[in-house]
Amino acid sequence: MVSEKENVESVTVVDMNEDVIQLYKKYVLPQFKHAHKIRIIKADAFEYAQKHTANGKYDFVFTDLWHDVSDGIDMYVKMKKIEQQHPNTVFSY
């Protein structure tokens with residue numbers, strides 16, 4: 001939904017699951033007026049964040065990382081470590 005904001009230039013979605021990506025491309029993306037602003041990357045979110053949030057490339061990162069209640073805290077802590085390495089990017093969980 002953030003792509004609908006006029007001041008948003010681009011949105012990058014990162015997911016490892018090809019099935020989720022294809023569902024998103026087929027059913028969700030076509031509903032957006034500014035779908036051209038949205039880029040979908042198939043990658044591990046932690047690796048992508050580590051490599052690509054540097055140099056001010058991203059102003060904001062929203063993370064939705066967990067499989068179930070048993071692994072949520074571990075994933076949160078892992079992303080918080082990446083967040084600390086990128087002080088110019090706002091992270092939200």
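A few points on the structure. (Residues numbered from 1 in each chain as written. Predicted model: local features only at pLDDT ≥ 70, side-chain atom pairs only at ≥ 80, totals over all residues. Heavy atoms only, no water.)

### Structural notes on the environment of Ile38
Thought 1: With respect to the element layout, Ile38 can be found in strand S2 (residues 38-42).
Thought 2: For Ile38, a relative accessible area of 12% puts it in the buried group.
Thought 3: Between the alpha carbons of Ile38 and Phe62 there is a distance of 14 Å; along the sequence they are 24 residues apart.
Thought 4: Look past the residues within four positions of Ile38 in its chain and what remains in contact with it is Ser3, Val11, Val13, Tyr24, Leu29 and Phe32. (Helix = DSSP H or I, 4+ residues; strand = E, 2+ residues; numbered from the N terminus. Buried < 20%, exposed > 50% of the residue type's maximum accessible area, 1.4 Å probe, protein only. Contact = heavy atoms within 4.5 Å.)

### A look at the packing of aromatic side chains
Thought 1: All chains considered together, the criterion is met by two aromatic pairs.
Thought 2: The aromatic ring of Phe46 is capped on one face by Lys78, whose charged end is 4.4 Å from the ring centroid. (Phe/Tyr/Trp six-rings, centres within 6.5 Å; stacked < 30°, edge-to-face > 60°. Lys NZ or Arg CZ within 6 Å of the ring centre and 35° of its normal.)

### Quick look at the packing of helix H2 (residues 45-52) against helix H3 (residues 72-84)
Thought 1: Axis separation between H2 and H3 bottoms out at 10 Å; the angle between their running directions is 10°. Classified by the angle between their axes, H2 and H3 sit roughly parallel to one another. Across the interface between the two elements, Ala45, Phe46, Ala49 and Gln50 from H2 touch Met75, Lys78, Met79 and Ile82 from H3.
Thought 2: Residue composition of the contact of H2 with H3, grouped by class: six nonpolar, one polar and one charged. (Axes fitted to C-alpha atoms, helices over the stretch in contact; angles between N-to-C directions. Parallel < 35°, antiparallel > 145°, perpendicular 65-115°, else oblique. Nonpolar A, V, L, I, M, F, W, Y, C, P; charged D, E, K, R; others polar.)

### Focus on the pattern of salt bridges
Where charged atoms from two side chains of opposite charge approach closely, those side chains can pair.
Thought 1: Enumeration according to the criterion identifies two salt bridges in this entry.
Thought 2: The salt bridge involving Glu18 is made with Lys42; its shortest N-O contact spans 3.8 Å. Of this pair, Glu18 sits in helix H1 (residues 18-28) while Lys42 is found in strand S2, placing the two residues 24 residues apart along the sequence.
Thought 3: On the basis of relative accessible area, Glu18 is assigned to the partly exposed category, the value being 32%. (Salt bridge = Lys/Arg side-chain N within 4 Å of Asp/Glu carboxyl O.)

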